[in-house]
There are 2 protein chains.
Amino acid sequence: MTSDIVTLAHGSGGRAMQEFIRRELMPICDQELGRALEDAARLPFADGWLTFTTDTFTVQPLEFPGGDIGKLAICGTINDLAMRASQPLYISLSLVIEEGLKIDTLRRLLGSIGAAARENNVAIVTGDTKVVGKGQADGLFINTAGIGKPMMEPLPGVTRAQVGDKVLINGPVGEHGIAVLVAREGLQLQTELESDCAALAGLVADMVAAGGRAIHTLRDATRGGLAAVLNEIAAASGVGIEIDESRLPQNPAVMGACEILGLEPLEVANEGKLVAVVAPDAAPQILEAMREHPLGRQSAIVGEVMEGNRVTLKTLYGTSRIVDMPSGELLPRIC
Amino acid sequence: MTSDIVTLAHGSGGRAMQEFIRRELMPICDQELGRALEDAARLPFADGWLTFTTDTFTVQPLEFPGGDIGKLAICGTINDLAMRASQPLYISLSLVIEEGLKIDTLRRLLGSIGAAARENNVAIVTGDTKVVGKGQADGLFINTAGIGKPMMEPLPGVTRAQVGDKVLINGPVGEHGIAVLVAREGLQLQTELESDCAALAGLVADMVAAGGRAIHTLRDATRGGLAAVLNEIAAASGVGIEIDESRLPQNPAVMGACEILGLEPLEVANEGKLVAVVAPDAAPQILEAMREHPLGRQSAIVGEVMEGNRVTLKTLYGTSRIVDMPSGELLPRIC
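Everything numeric in this text was worked out from a predicted model, so none of it was measured.

1. Some points on the confidence of the model for chain A
As a general rule, the predicted coordinates of low-pLDDT regions are not to be interpreted in detail. Chain-level pLDDT for chain A is 94 on average; 97% of the residues reach the 70-or-more range. Note on the complex model: pTM 0.96, ipTM 0.95.

Here it is as structure tokens:
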């Protein structure tokens, strides 16, 4: 850590956060069990395994087109379990509420939490409520932790990408980040744009049924966007990754907004997009399974794992550029 | 809920919070599995059971005599698992940090988290970090969720107190609440007073070894203090409870501070005190096991479960008074 205070960049999903986790948090975590850089930890329990994950949601505004902090909290934790090929079973719900929050707002958000849990067959089984004084929190923070049951062995993991593997994604990137930014800043866009906030456990179950152990890595592209996820995979697996821009599914509204706002779409957060790194032989059948799922209609094979240690993008113009791990803070409180 | 905004009382552990949980949260929880009023949920997993709990810690100040928010977060979650007679195995750690928090402070608190986890043989296995802007949180909030393995069947539970059972406590009440209050307000007391913040899993393991199924209910007396816990047990089990003031272990510094400050010691929060409701035959051997443990030296049998639905205190003067569920907000951000 280079400064003596915590900055927004430490929570950005980018370089400063990676370094913070490595220096300050990993030493107090159980390295053997925890694998601090996975979306969910795989842990021995009784005679088998469980997966376990946690996330606190601080998104601002609390409600935005396509979702709200409640739906996000349930979907986000389901997704972290799904990325370890696990069936999400149980979720804990912990609220930090700022004094003065409207009961009507809270009720709406709790309703959204309940609906998301029911739709995805996960049970909310334990909880906690804290209220802090006015000005001591910003509306509402929600923590959800989740327990899942692994569907296969070995689990997909961030260290398991292999040279020659194909890289798949289930749709266009950047919708969540731009939708939240537009809602927060009251921007006017030409097109309606909604967050992609969705629970991916069903999609992953279909992918596992189609591809099984050929699925080496699954990762949802949240904070730091596709750029952060690809760099995490490359670094953890000791490989390079090349993405072909012409094959990336695109949402024109996102691309337009990014151009106007000067943002890099690959660094914008998603809440319903996953990256899969799979053995090349199985890529076509996994892609087919993804496209048959409602959350994977626009899925595509977008790149390949190479020798090296860099993430590169083959642009529409045939040139190649490095995709770096995002640094600094693109948009705080995106999730 | 009688008002249209959330108030501090909704997070107090008292009457308003009970009602909030019942009206707003229980409908979205899985009633069968969750038993929203237990300290930890007992859940089927593989061919057996696990226990699962969550807590967010918002204590202010972050450091106080006898502990800090980090130690509190680990001990609090261990205790919630221990109250369901479970061995704590895994803990998740989720931080919401206010921009500007000193790195030195954060490092000290993370060190305290690591030490508490090591001392109690629990592994921190997964985590999350969010940073919010200045003024959007107050220093640091920590969520810990925990997974435990039940040591016996049936588990102790808040609904299982029976008429004739004895009520035990492992020491004097009120130390945490008064220590935090003194630290927050910069009060000067005659005596040094430290929070009782401690992990009770070892004590409970010894109690289970001594008493097994004779232990009907275990509950740590946190927010709302002994008064809240006894009322919860009475209401959930459909019984009355009579406490004998002359048998309550007392810390003179707490009693003195409560007298000066006009506080009811039974309503002041603890972070290392449990109430056990046990079959009368087994009470002496459980008491003995408690007294042999470092965290139970001052344990005592302090009361009995009766017919009825009220919690009463037989005072030092031989009179009897009702101990109500605390209402309103005694001291916000105590844990």
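2. Examining the relation of the copies chain A and chain B
Placing chain A over chain B gives an RMSD of 0.0 Å and needs a rotation angle of 180°, together with 0.0 Å of translation along the axis. The symmetry that links the two subunits is that of a two-fold axis. Residues of chain A ranked by C-alpha distance from the rotation axis are headed by Ala137 of chain A, positioned 2.1 Å from it. Interface overlap between copies: 100% of the residues of chain A at the interface are likewise at the interface in chain B, consistent with a symmetric, same-surface contact.

3. Description of the domain arrangement of chain A
It is common to report an interface's size as the accessible area lost on association of the parts. Residues and elements named next belong to chain A. The domain boundaries assigned to chain A delineate domain 1 (8–150) and domain 2 (166–322). Between domain 1 and domain 2, the C-alpha centre-to-centre distance is 21 Å. The partner domain 2 presents 24 residues to the 25 residues of domain 1 that form the contact. Taking both partners together, domain 1 and domain 2 bury about 2000 Å²; carbon and sulfur atoms supply 59% of that area. Summed over the three residues of domain 1 that lose the most area to domain 2, namely Pro65, Asn79 and Met83, the buried surface amounts to 27% of that side.

4. Side note on the sheet that holds strand 5 (residues 86–98) of chain B
All names here are of chain B. The strand order across the open sheet formed by 5 strands is 1-2-7-5-6, and the pairing between neighbours is mixed. Two strands close off the open sheet at either side, each with one partner strand: strand 1 (41–45) and strand 6 (123–132). The sheet shows a mean angle of 20° between the axes of neighbouring strands, taken without regard to direction. Where strand 1 and strand 2 (residues 48–57) come together, 5 bridges link them in antiparallel fashion. Bridge pairing links Arg42 to Thr51 in strand 2.

5. Structural notes on the pairing of strand 6 (residues 123–132) of chain A
All names here are of chain A. Of all 10 residues that make up strand 6, 9 are buried, and the element is covered over most of its length. Alignment of strand 5 (residues 86–98) against strand 6, held across 9 bridges, turns out to be parallel. When the sheet's bridge partners are listed, Ser94 is paired in strand 6 with Asp128. Note that the unit made of strand 5, helix 4 (residues 103–119) and strand 6 has a crossover that is right-handed.

6. Quick look at helix 6 (residues 201–211) of chain A
Residue and element names in this part refer to chain A. Taken together, the buried positions of helix 6 are Ala201, Leu203, Val204, Met207, Val208 and Gly211. For helix 6, the angular spread of the buried residues around the axis is 155°, confining them to a single face. The inward-facing, buried residues of helix 6 abut helix 3 (69–82), strand 5, strand 9 (215–220), strand 11 (274–278) and helix 9 (283–292).

7. Structural notes on the packing of helix 5 (residues 175–185) of chain A against helix 8 (residues 252–261) of chain A
Residue and element names in this part refer to chain A. At a minimum axis separation of 10 Å, helix 5 and helix 8 run at an interaxial angle of 60°. What the angle tells us is that helix 5 and helix 8 run oblique. Handedness of the crossing formed by helix 5 with helix 8: left-handed. Where helix 5 abuts helix 8, its residues Glu175, Ile178 and Leu181 lie against Val254, Ala257, Cys258 and Leu261. For the contact of helix 5 with helix 8, the class distribution of residues is 6 nonpolar, no polar and 1 charged.

8. As for a nonpolar patch on the surface
Residue and element names in this part refer to chain A. Taken together, the side chains of Leu187, Ile260 and Leu261 present a nonpolar region at the surface, about 260 Å² in accessible area. Inspection of the secondary structure assignment puts Ile260 in helix 8. Ile260 gets classed as exposed once you look at its relative accessible area, which sits at 69%.

9. Things to note about the sheet that holds strand 1 (residues 41–45) of chain A
All names here are of chain A. Within the open sheet, the 5 strands sit side by side as 1-2-7-5-6. Their pairing is mixed. Because the sheet does not close on itself, it has two edges, and the strands there are strand 1 and strand 6. Ignoring which end each strand starts from, the neighbouring axes of this sheet average 20° apart. In terms of strand pairing, strand 2 (residues 48–57) meets strand 7 (residues 140–150) through 7 bridges, oriented antiparallel. For Thr51, the partnering residue across the bridge sits in strand 7 and is Gly148. Across the sheet, helix 3 touches strand 2, strand 5, strand 6 and strand 7, and the angle it forms with strand 7 is around 30°.

10. Observations concerning the interface of chain A and chain B
Taken together, the contacts link 75 residues of chain A with 75 residues of chain B. In total, chain A and chain B occlude about 6300 Å² of area from one another, counting both sides; carbon and sulfur atoms represent 68% of this. Looking only at chain A, the three residues that lose the most surface to chain B are Val6, Ile28 and Phe45 of chain A, adding up to 11% of its buried area. Counting the contacts that link chain A with chain B gives 6 salt bridges. One salt bridge connects Arg107 of chain B with Glu24 of chain A, and the closest N-O pair in it is separated by 2.9 Å. Where chain A touches chain B, the interface holds 30 residue pairs in polar contact (both at pLDDT 80 or more). At 10 residues, strand 6 of chain A tops the list of elements feeding residues into the side of chain A that touches chain B. Here the residues of the side of chain A that touches chain B sort into 39 nonpolar, 22 polar and 14 charged.

11. Quick notes on the pairing of strand 2 of chain A
Across the 10 residues of strand 2 of chain A, 8 count as buried, placing the element largely inside the fold. Connecting strand 1 of chain A to the next strand, strand 2 of chain A, in antiparallel fashion are 2 residues, including Ala46 of chain A with a positive phi near 50°.

12. Examining the environment of Ile69 of chain A
If you trace the backbone, Ile69 of chain A turns up in helix 3. Placed 238 residues apart in sequence, Ile69 of chain A and Glu307 of chain A show a C-alpha to C-alpha distance of 40 Å.

13. So, helix 8 of chain A
In an α-helix, one turn spans 3.6 residues; hence positions three or four apart end up facing the same way. All names here are of chain A. Turning to helix 8, its buried residues are Ala253, Val254, Ala257 and Cys258. Taken end-on, helix 8 shows its buried residues confined to a sector of 130°, consistent with a single buried face. Seen from the buried face of helix 8, the exposed residues on the opposite side, beyond 90 degrees, are Pro252, Glu259 and Ile260. In this fold, the buried residues of helix 8 make contact with helix 5. Residue Asn251 occupies the N-cap position of helix 8, its side-chain oxygen lying 2.9 Å from the main-chain nitrogen of Ala253.

14. Digging into the side chain of Gln60 of chain B
All names here are of chain B. Its location among the elements puts Gln60 in the loop between strand 2 and strand 3 (63–64). Here Asp138 takes part through its side chain, which lies 2.8 Å from a polar atom of the side chain of Gln60. Excluding its chain neighbours within four sequence positions, the residues that come into contact with Gln60 are Asp138, Val180, Arg184 and Arg333.

15. What to know about the environment of Thr222 of chain A
All names here are of chain A. Here Thr222 lies in the loop between strand 9 and helix 7 (225–237). Separated by 46 residues in sequence, Thr222 and His176 place their C-alpha atoms 8.7 Å apart. Every residue in contact with Thr222, bar those within four places of it in the chain, is listed here: Ala269, Asn270 and Glu271.

Procedures and definitions
Residues numbered from 1 in each chain as written. Chains lettered and ligands numbered in written order. Predicted model: local features only at pLDDT ≥ 70, side-chain atom pairs only at ≥ 80, totals over all residues. Heavy atoms only, no water. pLDDT = per-residue confidence, 0-100. Least-squares fit on C-alpha atoms with pLDDT ≥ 70 in both. Contact = heavy atoms within 4.5 Å. Domains from an automatic or database assignment. Buried area = accessible area lost by both parts, 1.4 Å probe. Pairing = 2+ DSSP bridges. Helix = DSSP H or I, 4+ residues; strand = E, 2+ residues; numbered from the N terminus. Axes fitted to C-alpha atoms, helices over the stretch in contact; angles between N-to-C directions. Buried < 20%, exposed > 50% of the residue type's maximum accessible area, 1.4 Å probe, protein only. Right-handed = clockwise from strand over helix to strand, strands pointing away. Arc of directions from axis to C-beta. Parallel < 35°, antiparallel > 145°, perpendicular 65-115°, else oblique. Left-handed = near helix turned anticlockwise from the far one by under 90°. Nonpolar A, V, L, I, M, F, W, Y, C, P; charged D, E, K, R; others polar. Patch = residues over 30% accessible without salt bridge, like charges linked within 9 Å, V, L, I, M, F, W, Y side chains within 5 Å. Areas by Shrake-Rupley, 256 points an atom, 1.4 Å probe, with all protein chains shown as cover. Salt bridge = Lys/Arg side-chain N within 4 Å of Asp/Glu carboxyl O. Polar contact = N/O pair within 3.5 Å; in protein donor to acceptor, adjacent residues only side chain to side chain.

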